[in-house]
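These are the residues of each chain, in order.
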Amino acid sequence: MRKRNLIAAGVALVSALTLSACDNGDSDKPAASVSGGTRSEPIVTLDRPMEKPDLVLTDTEGKKYDLIEQTKGHPTLVYFGYTHCPDVCPLTMNNIDVAMRQLPKAEQDDLRVVFVTSDPERDTSAALKKWLGGINKKFVGLTGSFDTIQAGARSVNIGIEKPVKKKNGDVVSTHGAQVLLSSPKDDKIHWMGMQDAGVDHYSKALPKIIKGQNP
């Protein structure tokens, strides 16, 4: 992995982070248990921008994808999640899709939305292609070594843990629920979409983020 000058986003960001424990089985408990987050600021501006995660993974076509190089100069959204997630991941990606479709075509083409799986054992390139294809075919799906993905996530203060299979066969995957938003001006992450960010928030934020402006 290349050496990057990774800068922590500060105490304000740490206090705002959200973790979701997603269980794909039937249960009397909610599928996603969430702590933290901030309802007053669904789109958070970081005190200090961060470098994009330095990840070279495999895309939905089975080809090598260098996240930093292939999103360079483009406004970029990065999300760590998994296709078997029962609620948080599909809701987040669908919210982004709806907001993205409101943009002019040229801006849609310029925007990069990258979904990095936190469950690479099940999320093969084919599985990612099928799942993302049902949301937006322009979205990029990435898979690879879990250790590599986890290190990339941690470099941008996103926590993910290896999926755990329970005795009843259900799989629990814990992953950060934030969307990383980078500016095309310097290719750094200046904003985070929190779990409470909905279609309206992204619809207002994306036109400005595409221009490298604070939402």
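A. Molecular detail of the overall build of the protein. The secondary structure content of the protein amounts to 7 helices and 12 strands. Looking at the protein as a whole, 52% of its 215 residues are labelled buried. Element-wise, carbon and sulfur atoms account for 49% of the exposed surface of the protein, whose accessible area totals about 10,300 Å².

B. Just the pattern of salt bridges, in detail. Evaluated as defined, the whole model comprises 7 salt bridges. Across the pair Lys211 and Glu107 runs a salt bridge whose closest N-O atoms are separated by 3.4 Å. Within this pair, whereas Lys211 is found in the segment after helix H7 (199-210), its partner Glu107 is found in helix H4 (residues 105-110), the two being separated by 104 residues in sequence. Classification of Lys211 as partly exposed rests on a relative accessible area of 42%. Overall, Glu107 belongs to the buried group, its relative accessible area being 19%. Here the salt bridges do not stand alone but share partners, grouping Lys105, Asp109 and Lys138 into one network.

C. Up close: helix H5 (residues 125-133). All of the buried residues in H5 are Ser125, Leu128, Trp131 and Leu132. Taken end-on, H5 shows its buried residues confined to a sector of 135 degrees, consistent with a single buried face. Exposed positions of H5 whose direction lies more than 90 degrees from the buried face are Ala126 and Lys130. Turning to H5, the residues buried within the fold contact strand E4 (56-58), helix H3 (88-100), strand E7 (112-117) and strand E8 (140-142).

D. The arrangement of the sheet that holds strand E6 (residues 76-81) in detail. Judged by pairing direction, the sheet is mixed, and its 6 strands sit side by side in the order E3-E12-E11-E6-E7-E8 without closing on themselves. Sheet topology places strand E3 (43-51) and E8 at the edges, where each strand pairs with a single neighbour. Looking at each pair of strands side by side, their axes are set apart by 25 degrees on average, direction ignored. Examined bridge by bridge, E3 and strand E12 (residues 188-193) share 5 bridges and lie antiparallel to one another. Looking at E12, one finds that Val44 is bridged to Met192. Each of E6, E7 and strand E11 (179-182) touches H3; the most contacted strand, E6, lies at about 165 degrees to it. Contacting E3, E6, E11 and E12, H7 crosses the sheet at an angle of about 30 degrees to E11.

The rules behind these values
Residues numbered from 1 in each chain as written. Predicted model: local features only at pLDDT ≥ 70, side-chain atom pairs only at ≥ 80, totals over all residues. Heavy atoms only, no water. Helix = DSSP H or I, 4+ residues; strand = E, 2+ residues; numbered from the N terminus. Buried < 20%, exposed > 50% of the residue type's maximum accessible area, 1.4 Å probe, protein only. Areas by Shrake-Rupley, 256 points an atom, 1.4 Å probe, with all protein chains shown as cover. Salt bridge = Lys/Arg side-chain N within 4 Å of Asp/Glu carboxyl O. Arc of directions from axis to C-beta. Contact = heavy atoms within 4.5 Å. Pairing = 2+ DSSP bridges. Axes fitted to C-alpha atoms, helices over the stretch in contact; angles between N-to-C directions.

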